[in-house]
Every structure is written in structure tokens, then in C-alpha cells.
Amino acid sequence: MADKTSDAKLFARDPQRRITAATAIGMNVLKPIMHFQISMLRMWADSIERFAGNYEKGLDETATTVEEQSDKERAA
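Report follows, based on the coordinates. (Residues numbered from 1 in each chain as written. Predicted model: local features only at pLDDT ≥ 70, side-chain atom pairs only at ≥ 80, totals over all residues. Heavy atoms only, no water.)

The subject of this paragraph is the overall build of the chain. Helices and strands together make up the secondary structure of the chain, namely one helix and zero strands. Burial status across the chain gives 0% buried among its 76 residues. Of the roughly 7,300 Å² of accessible surface on the chain, 62% is carried by carbon and sulfur atoms. (Helix = DSSP H or I, 4+ residues; strand = E, 2+ residues; numbered from the N terminus. Buried < 20%, exposed > 50% of the residue type's maximum accessible area, 1.4 Å probe, protein only. Areas by Shrake-Rupley, 256 points an atom, 1.4 Å probe, with all protein chains shown as cover.)

Given below as C-alpha cells:
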């Protein structure tokens, strides 16, 4: 009778152990994928920031050029 009780407890624990092991394996597989996705997101964000900085710089240069041209036209 005691053997049947311990077997029942063993079977009750096995699904939990299997689920825990499968979850651990899944997390170990997902970790490098997540790191890769995060690094790609960081590169994408850096590129957008660089683009925004270049856009602002170009906008400022264009505004300066237009102001200089209008000042020359007024002087002439």
C-alpha cells in the first residue's frame, strides 16, 4: 500500500518536473534570440537618432543659407 502511494506522488511530480524542464529549455533558447533582437533594436534606434541629427543639421544649414541670400538681396 505504501508503494502505491509513493508511486502516485512520483507520477504527480513528474508532469511538474517535465513542465519545469521544458520551460527552462525554452528560456535558454529564447535568451540569445532576445539579446539579438535587443541589439538590433538598439542599432535601429541609434540610426534614427543619427538621421534626426543629420536632418536638423541640414535644416539649420539650409535656414542659414536662405538668410544669407535674403540679406544679400536686401543689400543689393
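From this point, the narrative continues.
Judged by side-chain polarity, I25, M27, V29, L30, I33, M34 and I38 come together as a nonpolar surface patch covering roughly 640 Å² of accessible area. Positionally, V29 belongs in helix α1 (residues 2-75). Judged by its relative accessible area of 47%, V29 is partly exposed. (Patch = residues over 30% accessible without salt bridge, like charges linked within 9 Å, V, L, I, M, F, W, Y side chains within 5 Å. Salt bridge = Lys/Arg side-chain N within 4 Å of Asp/Glu carboxyl O.)

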